[in-house]
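Listed here are the chains, written in short residue letters.
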Amino acid sequence: MITAQIFFNLLFISLAMTVFVLEKFEKMAMGLKYLGTMMALFIIMSFGYFIWVPSLNTERLEQGIVDTETPFGWFIFVNIIRIGLSIYVVYKYAMMTRKIGEETKKRVQWLFIGIIIIIIGLLLNLAGGILRSILTEIFALIAIDIGTIVLFKGFLIK
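Quick caveat, the model's predicted, so the values are computed rather than measured.

Draft legend 1. Structural detail: the nonpolar core. Formed by 35 residues in total, the largest nonpolar core has its most connected members in Met38, Leu85, Val89, Tyr93, Ile115 and Leu122. Listed by contribution, the elements that provide at least two residues to this core are helix H1 (2-24), helix H3 (32-51), helix H5 (72-97), helix H6 (102-131) and helix H7 (134-156). The greatest single-element share of this core, amounting to eleven residues, is contributed by H5. Contact partners of tyrosine 93, with chain neighbours within four places excluded, come to Thr18, Val19, Leu22, Val108, Leu111, Phe112 and Ile115.

Next up, the structure:
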C-alpha cells in the first residue's frame, strides 16, 4: 500500500510539472527551482508513509473487505496537498486555454476535464476517510481512475 501511495503522489507531482514545462519550457522547468521544489514536495508527501505507517483494518478483512487505515492527520495533510496541486493545475490550464490555438485547445480541454474529475475523486476520498466510509472511498478511486484516463486522452490527441 505504501508503494501505491508513493506512485499516487507521483501522479500529482507529474501533473504540476506539466504546467511548468508548458509555461516555462522544458529546460527551465527541469531546473532546481521547479523540479527541485516538486521533488522536495514529493519526498515530504511520500516519506511520511514510512513514519506514520498505514495499517490493515483486520475487522473488515474478516468480512472480506480489504481496508487500510492511514493515521488521520497524515491522511488529511497528503490529501490537502494533492487537492491543492490539482486546483493549481486546473487554474493554470484554464489560463493557458485563453492563449492557445483551437487544435491545442481541444487537448487542454480534455486535460482540464480529467483534472476536474480527479479533484472530485480526491474530495470523495477525503470525505470517505473522514467518515470512515469504504464505499465512498471506492467511488473516489473509481472517479480518480476515470479522471486519469480522460487526462491521458488529452495527452494522446494529435
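Draft legend 2. Highlighting the environment of isoleucine 130. Tracing the backbone shows isoleucine 130 in helix H6. Taking the relative accessible area as the measure of exposure, isoleucine 130 reaches 43% and is therefore partly exposed. As for isoleucine 130 and phenylalanine 72, which are separated by 58 residues in sequence, their C-alpha atoms are 7.9 Å apart.

Draft legend 3. Spotlight on the pattern of salt bridges. Applying the stated rule across the entire model yields one salt bridge. Between lysine 92 and glutamate 23 there is a salt bridge; the shortest N-O distance is 3.3 Å. In this pair, lysine 92 sits in helix H5 while glutamate 23 sits in helix H1, placing the two residues 69 residues apart along the sequence.

Draft legend 4. Just H3, in detail. A rise of 1.5 Å per residue sets the reference length of H3, with its 20 residues, at 28 Å; its end C-alpha atoms lie 27 Å apart and thus fit the reference within 8%. Of all the residues in H3, the buried ones are Tyr34, Met38, Phe42, Met45, Ser46, Gly48 and Tyr49. Down the axis of H3, the sector holding all buried residues measures 145°, keeping them to one side. Opposite the buried face of H3, by more than 90 degrees, sit the exposed residues Leu32, Lys33 and Phe50. Looking at the buried residues of H3, the elements they touch are H1, helix H2 (26-29) and H5.

Rules and cut-offs
Residues numbered from 1 in each chain as written. Predicted model: local features only at pLDDT ≥ 70, side-chain atom pairs only at ≥ 80, totals over all residues. Heavy atoms only, no water. Core = buried A, V, L, I, M, F, W, Y, C linked by side-chain atoms within 4.5 Å. Buried < 20%, exposed > 50% of the residue type's maximum accessible area, 1.4 Å probe, protein only. Helix = DSSP H or I, 4+ residues; strand = E, 2+ residues; numbered from the N terminus. Contact = heavy atoms within 4.5 Å. Salt bridge = Lys/Arg side-chain N within 4 Å of Asp/Glu carboxyl O. Expected span 1.5 Å × (residues − 1). Arc of directions from axis to C-beta.

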